[in-house]
Amino acid sequence: MPETPESAGQLTREVGFGRFVQSAEDSETTTCLLRPQADSVKTARDVTRSTLRQWGFAELSDDAALVVSELVTNAVRYSLYPAGRAGDHPITLILVRISPHVLLAVSDPSDEVPCPKEPDYISENGRGLYIVETYSQAWGWDALDHGGKAVWALFRAAD
């Protein structure tokens, strides 16, 4: 598993966000616009769980819901800055199904690069990307053409 975003960026170019989104048909993609507020985390979890059930990937729903919670929490936090850009570039949850994989991505208006931290098990924050890395097969991020970024996580269904 890559330890730095630069390594994950290489993974992105090889197997990640752009390739999966471009190769998926509309029937294999779910998109949900989210507001930069705390209740968006629950909405994202609910959309993720219901979409995975519809696609026949219910076994991934707990891990994917945990990861999407972390990604949306970070997106809400970073979409508030810089002020004024959140309305132009809302937070977006995208789920893409390409059997046996599911890619979930959360985009936000911030250009701040996601940086994993050494987990501090006493602190109440700072473990998000560690959780994403632990529960997904791979993760990474892409800068978006219109500004902001998309952070993605890849899951594989059991054979």
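Residues numbered from 1 in each chain as written. Predicted model: local features only at pLDDT ≥ 70, side-chain atom pairs only at ≥ 80, totals over all residues. Heavy atoms only, no water.

### A look at the nonpolar core
Ranked by size, the top nonpolar core spans 29 residues in total, and within it Val72, Leu93, Leu104 and Val106 carry the most contacts. When residues of this core are traced back to their parent elements, those giving at least two are β1 (29-34), α3 (39-54), α4 (61-79), β2 (91-98), β3 (101-108), α5 (128-135) and β5 (149-156). The element contributing the most residues to this core is α4, with 7 residues. Look past the residues within four positions of Leu93 in its chain and what remains in contact with it is Thr30, Thr31, Cys32, Leu34, Ala44, Val47, Thr48, Val68, Ala105 and Val106. (Core = buried A, V, L, I, M, F, W, Y, C linked by side-chain atoms within 4.5 Å. Buried < 20%, exposed > 50% of the residue type's maximum accessible area, 1.4 Å probe, protein only. Helix = DSSP H or I, 4+ residues; strand = E, 2+ residues; numbered from the N terminus. Contact = heavy atoms within 4.5 Å.)

### Considering the pattern of salt bridges
In the structure shown here, the tally under the stated rule is 3 salt bridges. Residues Lys42 and Asp46 are paired through a salt bridge, measuring 2.6 Å at the closest nitrogen-oxygen approach. You can see Lys42 and its partner Asp46 sitting in helix α3, 4 residues apart, about one turn around the helix. Using a relative accessible area of 47% as the deciding quantity, one classes Lys42 as partly exposed. Taking relative accessible area as the criterion, Asp46 reaches 38% and is therefore assigned partly exposed. When the shortest N-O distance is used, the salt bridge between Asp62 and Arg49 registers 2.8 Å. Separated by 13 residues along the polypeptide, Asp62 in helix α4 and Arg49 in helix α3 bring together distant segments of the chain. (Salt bridge = Lys/Arg side-chain N within 4 Å of Asp/Glu carboxyl O.)

### What to know about the confidence of the model for the protein
Chain-level statistics for the protein give a pLDDT mean of 79 and a share of 70% at 70 or above. No element of the protein has a lower mean pLDDT than helix α1 (residues 5-15), which averages 40, and none a higher one than α3, which averages 96. Note that residues 1-16 has pLDDT below 50 and, in this model, 31 contacts with residues that lie over four places away or in other chains. (pLDDT = per-residue confidence, 0-100.)

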